[in-house]
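Coordinates in review
The lines below spell out each chain.
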Amino acid sequence: MATDIDTDIRGKVAIVGVGHTPQGELPGQSPELNSVLAIKEALKDAGIGREKLDGLITCKSVQGTNTDVMVGPLLGLNPRYAQTLDYGTCNFSLHLAVQAILTGMATTVALCYGANARSIRFPFGASSPTLAGASGLMHIAGPAAMALQRHKAMYGTTDEQFGMIAVSEREWAQQNPIALFREPMSMEQYLAMPYMVEPLRRADVTMLSDGGVSLIVTRADLAADYPNKPVYVLGMSEQTGIRGEYTPDYLNREFLRGAADQIWRNTGLTTGDIDVLYIQNPTAVWVLQMLEYYGFAPPGEVGPWLAEGHTRPGGDRPLNTNGGQLSESYMWGWLHMVEAVRQLRGQAGQRQVTGAEIAMYCSTQVWLKGGASILSTHN
Amino acid sequence: MTDQLYNKPIPKLDDPDMAPFWAAAREGRLTAQRCTSCAALRFPGLPICPTCLERGSEWIDVSTEGSIWSYVVYHRAFHPGFAGELPYVVAIVENADGVRYTGRVVGRREDVAVGAKVRAVFADETPEFTLVKWELA
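Being a predicted model, the structure only gives us computed values, none of them experimental.

When helices and strands are tallied, chain A shows 12 helices and 11 strands. For 379 residues, the compact-globule estimate of 2.2 N^0.38 gives 21 Å, and the C-alpha radius of gyration of chain A, at 20 Å, lies within 12% of that figure. For the C-alpha atoms alone, the extent of chain A along its principal axes is close to 55 × 50 × 45 Å. Here chain A, with 379 residues, has 63% of them falling under the buried criterion. Residue pairs at least 24 apart in sequence account for 78% of intrachain contacts in chain A once pairs closer than 6 positions are excluded.

This is how it looks when you write it as structure tokens:
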């Protein structure tokens, strides 16, 4: 007789360490070096030596390096388990770590991401040899702007409503010492900026930076031995749209609803339970879409909802309290997860959200995959 | 000579999945790939039908009439070849047969809108390469 698979992951895995390098321009430092420097910081935060690690999950750099076998030599470790994700965004990386830990393939896993895209001047203008590329559609801003223009046409979303995402992240960043963009940016200043790829302005798109980020993840029953308050994984979900442009409205990323439905169903939680929300954002369009698909704003009405100021410091829906990728740093969303852990531990300094007990992080691999995690200091 | 002066990206014209499309564009025809088993249309070309997983296909002429699903206006050139064309408009167009193409929109920028009617035009960019663009209908 078949036995049911145990799908209850709630509270069985914990994040016990976070670390990162300085952000910005780190000339001469490879993605692998930045990864290992970040792992060193995360190990320090977790109060352990690297010999405790029996797993490593790396996330590729934008140029495709930073694989596990490239990080291994610098880390000086042959862990039992090692794996590499193309675009981990920390979410997919965390999910893989949970799977490895719950199946006994690893006990304590370091997750890492490393980038040097800024100092090597990574060429985002490179286009694919396609009809779209030959027509001048290039850079993530192109497809993102296409989705925003469609949203504006369907729902009447305005520049000022949409601009609240960038303005709100800048307000949070002003309280974050590691954020790269901290100078004030009012809505008037935002609206006065020229378009880059209309309807997107420069401030709606992340700026390349170098750096590394790491998390240490372990079995919940071992987490009490670590110096910091463990942050437990309460739930996780993924949904793909890997058919890409062969799904007609692929840029609307409707598949994200699948990731949303699963995580709410699996955890029994609702949007009202989330104290601090993180949404990975190479462009602000990702925030616009995910606020709707995950149910934080009514479908089609995220524009007016944003204008009400919920996401700003002091608002009732604190969002990307690190400043997000628009104002803190590039890092593919990895620092969103670090910030979620710091908020839950009560270590977020001036920008600490009072009583933050449950955090959620939503991310995507462009228009191809989506994932979400819900974290808490309570299991 | 023209080839050397053309400094924008040129698609792989001999890509086995796409060569018939570029050859047809050269002749002023808009085409899509049709599955010889289930007749589903697809674009860009693929070596197998994602609807029925059969490999047989043919390229057929499709409607040059369409409407704009969405569009963007580039005010910055991420590739030096486009610097002289700023600002330029790129749209996703759905043609009357339901096939979607990403391409440049030519004409008055003020008239470009989601839902606007467009028709395909064929611009000879080099002696070998013709780009499908869209003009407002």
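Here we come to the overall build of chain B. A count of helices and strands for chain B gives 2 helices and 8 strands. For chain B, the sequential pattern of α-helices and β-strands runs α-α-β-β-β-β-β-β-β-β. Compactness check: chain B gives a C-alpha radius of gyration of 16 Å against a globular reference of 14 Å for 137 residues, within 12% of the reference. Of all 137 residues assigned to chain B, the portion counted as buried reaches 45%. Residue pairs in contact within chain B that sit at least 24 positions apart in sequence constitute 53% of those at least 6 positions apart. For chain B, the exposed surface amounts to about 6500 Å²; the carbon and sulfur share of it is 49%. Computed over 15 positive and 18 negative side-chain charges, the separation of the two mean positions in chain B equals 5 Å.

Turning our eyes to something else, we now look at the pattern of salt bridges. Residue and element names in this part refer to chain B. The final tally for this structure, using the stated rule, is 26 salt bridges over all chains. For Arg29, the salt bridge identified is with Glu27, shortest N-O distance 2.8 Å. Relative accessible area serves as the criterion here: at 57%, Glu27 is assigned to the exposed category. Salt-bridge contacts for Arg119 lead to Glu135; the nearest nitrogen and oxygen are separated by 3.1 Å. A residue pair is termed long-range when its members are at least 10 positions apart, and Arg119 in strand S7 (residues 117-124) and Glu135 in strand S8 (residues 130-136) qualify at 16 residues. Residue class for Arg119 comes out partly exposed when judged on its relative accessible area of 32%. Assessed through its relative accessible area of 28%, Glu135 is described here as partly exposed. Each of Lys8, Glu85, Arg104, Glu125 and Lys133 takes part in salt bridges that share partners, so that together they form one network.

Moving on, we come to the environment of Asp68 of chain A. All names here are of chain A. For Asp68, the location among the structural elements is in helix H2 (residues 68-75). The spatial distance from the C-alpha of Asp68 to the C-alpha of Pro298 is 41 Å, given a sequence separation of 230 residues. Those residues in contact with Asp68 that sit more than four places away from it in its chain are Leu56, Thr58, Ala82, Gln83 and Thr84.

Moving on, we come to the confidence of the model for chain B. Per-residue pLDDT for chain B averages 95, and the proportion of residues at 70 or more is 97%. Here the predicted complex carries an ipTM of 0.96, next to a pTM of 0.97.

Our next topic: the packing of helix H5 (residues 141-155) of chain A against helix H9 (residues 284-293) of chain A. Residues and elements named next belong to chain A. At a minimum axis separation of 9 Å, H5 and H9 run at an interaxial angle of 50 degrees. If you check the angle between H5 and H9, you find them oblique. When you trace H5 past H9, the crossing you get is left-handed. Across the interface between the two elements, Ala144, Ala147, Leu148 and His151 from H5 touch Val285, Trp286, Leu288, Gln289 and Glu292 from H9. Looking at the contact of H5 with H9 residue by residue, the classes come out as 6 nonpolar, 2 polar and 1 charged.

All names here are of chain A. With 66 residues, the main nonpolar core has Leu291 and Met360 as its most contacted residues. Sort the elements by how many residues they give to this core and H9 lands first, with 8 residues. Among residues more than four places away in sequence, those in contact with Met360 are Ile263, Trp264, Ile274, Val276, Leu277, Tyr278, Tyr294, Phe296, Ala372, Ser373 and Ile374. In terms of nonpolar packing, the next biggest core, distinct from the first, is built from 46 residues, Val109, Trp172, Tyr330 and Ala356 among them.

What helix H2 (residues 19-26) of chain B keeps buried is the set Phe21, Trp22, Ala24 and Ala25 of chain B. The arc that holds the buried residues of H2 of chain B, viewed along the axis, is 160 degrees, so those residues lie on one side. Buried residues along H2 of chain B sit against helix H4 (131-134) of chain A together with strand S1 (31-35), strand S3 (57-61), strand S6 (100-106), S7 and S8 of chain B.

Residues and elements named next belong to chain B. Summarising the sheet, strand S4 (residues 65-74) and S7 pair through 3 bridges and their orientation is antiparallel. If you follow Ser67 over to S7, its bridge partner there is Lys117. Across 7 bridges, S7 lies against S8 in antiparallel orientation. Its bridge partner lying in S8, Val118 is registered against Leu136. With antiparallel pairing between neighbouring strands as the criterion, S7 and S8 make up a hairpin whose turn holds 5 residues.

All names here are of chain B. The residue Ala116 is located in the loop between S6 and S7 in this model. For the pair Ala116 and Glu27, spaced 89 residues apart in sequence, the C-alpha to C-alpha distance is 26 Å. In contact with Ala116, not counting residues within four places along its chain, are Gly66, Ser67, Ile68, Asp111 and Leu136.

This part takes up the side chain of Thr218 of chain A. All names here are of chain A. Its place among the elements puts Thr218 in strand S7 (residues 211-219). The exposure class of Thr218 is buried, given its relative accessible area of 0%. A distance of 3.2 Å separates the side chain of Thr218 from the backbone oxygen of Thr107, its partner in a polar contact.

Moving on, we come to the sheet that holds S1 of chain B. Spatially, the 3 strands line up as an open sheet ordered S2-S1-S3 (chain B), and their pairing is antiparallel. Looking at strand neighbours, the two that pair on one side only are strand S2 (41-42) and S3 of chain B, the edges of this open sheet.

Analysis parameters
- Residues numbered from 1 in each chain as written.
- Chains lettered and ligands numbered in written order.
- Predicted model: local features only at pLDDT ≥ 70, side-chain atom pairs only at ≥ 80, totals over all residues.
- Heavy atoms only, no water.
- Helix = DSSP H or I, 4+ residues; strand = E, 2+ residues; numbered from the N terminus.
- Rg over C-alpha atoms; globule rule 2.2 N^0.38 Å.
- Buried < 20%, exposed > 50% of the residue type's maximum accessible area, 1.4 Å probe, protein only.
- Contact = heavy atoms within 4.5 Å.
- Areas by Shrake-Rupley, 256 points an atom, 1.4 Å probe, with all protein chains shown as cover.
- Lys, Arg positive; Asp, Glu negative; His and termini not counted.
- Charge placed at Lys NZ, Arg CZ, Asp CG, Glu CD.
- Salt bridge = Lys/Arg side-chain N within 4 Å of Asp/Glu carboxyl O.
- pLDDT = per-residue confidence, 0-100.
- Axes fitted to C-alpha atoms, helices over the stretch in contact; angles between N-to-C directions.
- Parallel < 35°, antiparallel > 145°, perpendicular 65-115°, else oblique.
- Left-handed = near helix turned anticlockwise from the far one by under 90°.
- Nonpolar A, V, L, I, M, F, W, Y, C, P; charged D, E, K, R; others polar.
- Core = buried A, V, L, I, M, F, W, Y, C linked by side-chain atoms within 4.5 Å.
- Arc of directions from axis to C-beta.
- Pairing = 2+ DSSP bridges.
- Polar contact = N/O pair within 3.5 Å; in protein donor to acceptor, adjacent residues only side chain to side chain.

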